[in-house]
Amino acid sequence: MKENPKVSMLFSNPEGTQTGKHVVLVQGIATADDSDLDHGWEKYLSYWRKKEPYIDAYLAEREKFGWFWKRVVVQVEPKKITAWKNGDTSRAPEVFGA
Amino acid sequence: MPDIDYKRLANFRNAILTTVGDDGYPFSITTNYQLTPDRKILLDKPILASKLDGKRVNVLFNHITGVPTGGYTDRRYMLLWGTTHEERGKLRLEPEKLSEWDEKILPFPEYCAKVAPQGAKYLENLQPSVEA
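Residues numbered from 1 in each chain as written. Chains lettered and ligands numbered in written order. Predicted model: local features only at pLDDT ≥ 70, side-chain atom pairs only at ≥ 80, totals over all residues.

K.L.:
Whenever I open this one, the overall build of chain A confuses me. Can you help?
P.N.:
Within chain A one finds three helices and four strands. Taking 2.2 N^0.38 as the reference for a compact globule, 98 residues should give roughly 13 Å; the C-alpha atoms of chain A span a radius of gyration of 16 Å, well beyond that estimate. By principal-axis analysis of the C-alpha atoms, chain A measures approximately 50 × 30 × 20 Å. Every one of the 98 residues in chain A was classed for burial, and the buried ones make up 10%. (Helix = DSSP H or I, 4+ residues; strand = E, 2+ residues; numbered from the N terminus. Rg over C-alpha atoms; globule rule 2.2 N^0.38 Å. Buried ≥ 20, exposed ≤ 12 C-beta atoms within 10 Å, placed from the backbone.)

The structure is reproduced here in structure tokens:
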């Protein structure tokens, strides 16, 4: 990722992404911050908690899950967003950006 | 040709096709798929600016079920690498390589133990570029 920062993220599974039936592809430039694997991610914990409130139970037993709590923070600057309403990829998508 | 369990492959909601676009960015899109009796994997052709005939792709079939009290269950995926060929309005996937996991077949802790050497090899290969 540091050599080639061009990435994409597809939000398509309602179970994991909570995007409903819609399908959204975000393409952008990634920056990987691995300078502090143990604490660098903590400032984003509120976002994580919002999506998965039960994460606090794992956090309370942090010492039991050593590797789970080592995290590289990847930030993506969106360059182009492609969206398929209702997940119908047989139709032309809406495109935002480059 | 990888050893594909077509019975399990039939048990996914849809497929996610990924390739590298003309602009150098990875591009993914969901699409429906069908398996034919003679074991062809056919993908519905999405509307894209780039042609997918003869394109190197990977196709992910995956599933996950959320547990209301937290976490997930029934996690499984099959990831096929290969080439797509346009055929009668569909995309036929010619698979070359497969990686997969199904926690009902191999529980998560055992899966971690199994792939740990692969992870170690990856990190060893990565180390020179990190130190550069």
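K.L.:
Just checking my understanding: could you explain the overall build of chain B for this structure?
P.N.:
Tallying secondary structure elements over chain B gives two helices and seven strands in all. Taken along the three principal axes of its C-alpha coordinates, chain B extends 45 × 45 × 30 Å. Counting the 132 residues in chain B, one finds 15% classified as buried. In chain B, once contacts between residues fewer than 6 apart in sequence are set aside, the share between residues at least 24 apart is 49%. (Contact = placed C-beta atoms within 7 Å.)

K.L.:
Looking at this model, I keep getting lost on the pairing of strand E1 (residues 15-20) of chain B. Mind explaining?
P.N.:
Two elements, E1 of chain B and strand E2 (residues 26-31) of chain B, share six bridges in a ladder whose sense is antiparallel. Bridge assignment links Ile16 of chain B to a residue of E2 of chain B, and that residue is Thr30 of chain B. (Pairing = 2+ DSSP bridges.)

K.L.:
I would appreciate a short explanation of the sheet that holds strand E3 (residues 33-35) of chain B in the present structure.
P.N.:
What links the strands of a sheet is backbone hydrogen bonding, and the strands pair in either a parallel or an antiparallel sense. All names here are of chain B. Read from one edge of the open sheet, seven strands run E2-E1-E5-E6-E7-E4-E3, paired in antiparallel fashion. Of all strands in the sheet, those with a lone pairing partner are E2 and E3, marking the two edges. Within the sheet, the average angular offset between the axes of one strand and its neighbour, ignoring direction, is 35 degrees. Across three bridges, the pairing between E3 and strand E4 (residues 41-44) is antiparallel. What sits directly across from Leu35, in E4, is Ile41. (Axes fitted to C-alpha atoms, helices over the stretch in contact; angles between N-to-C directions.)

K.L.:
I tried to follow helix H2 (residues 108-131) of chain B on my own but got confused; where do I start?
P.N.:
Structurally, the α-helix is built with 3.6 residues per turn, so residues lying three or four positions apart point the same way. All names here are of chain B. Helix length check: H2 (24 residues) gives 32 Å between terminal C-alpha atoms against 34 Å at 1.5 Å per residue, within 8%. The largest bend in H2 is about 45 degrees, located at Val115, with the proline Pro117 one to four residues further on. H2 sits mainly on the outside: zero of its 24 residues count as buried. (Expected span 1.5 Å × (residues − 1). Bend = angle between axes of the 7 residues up to and from the residue.)

K.L.:
So what exactly am I meant to see when it comes to the sheet that holds strand E2 (residues 23-33) of chain A here?
P.N.:
Residues and elements named next belong to chain A. Taken in spatial order, the four strands make up an open sheet running E1-E2-E3-E4, and their pairing is antiparallel. Looking at the sheet topology across the chains shown, the edges are occupied by strand E1 (6-11) and strand E4 (94-97). Shown here is a sheet whose adjacent strand axes are inclined to one another by a mean of 35 degrees, direction ignored. Both E1 and E2 contribute to a ladder of six bridges, which runs antiparallel. Pairing of Leu10 across the sheet is with Leu25, part of E2.

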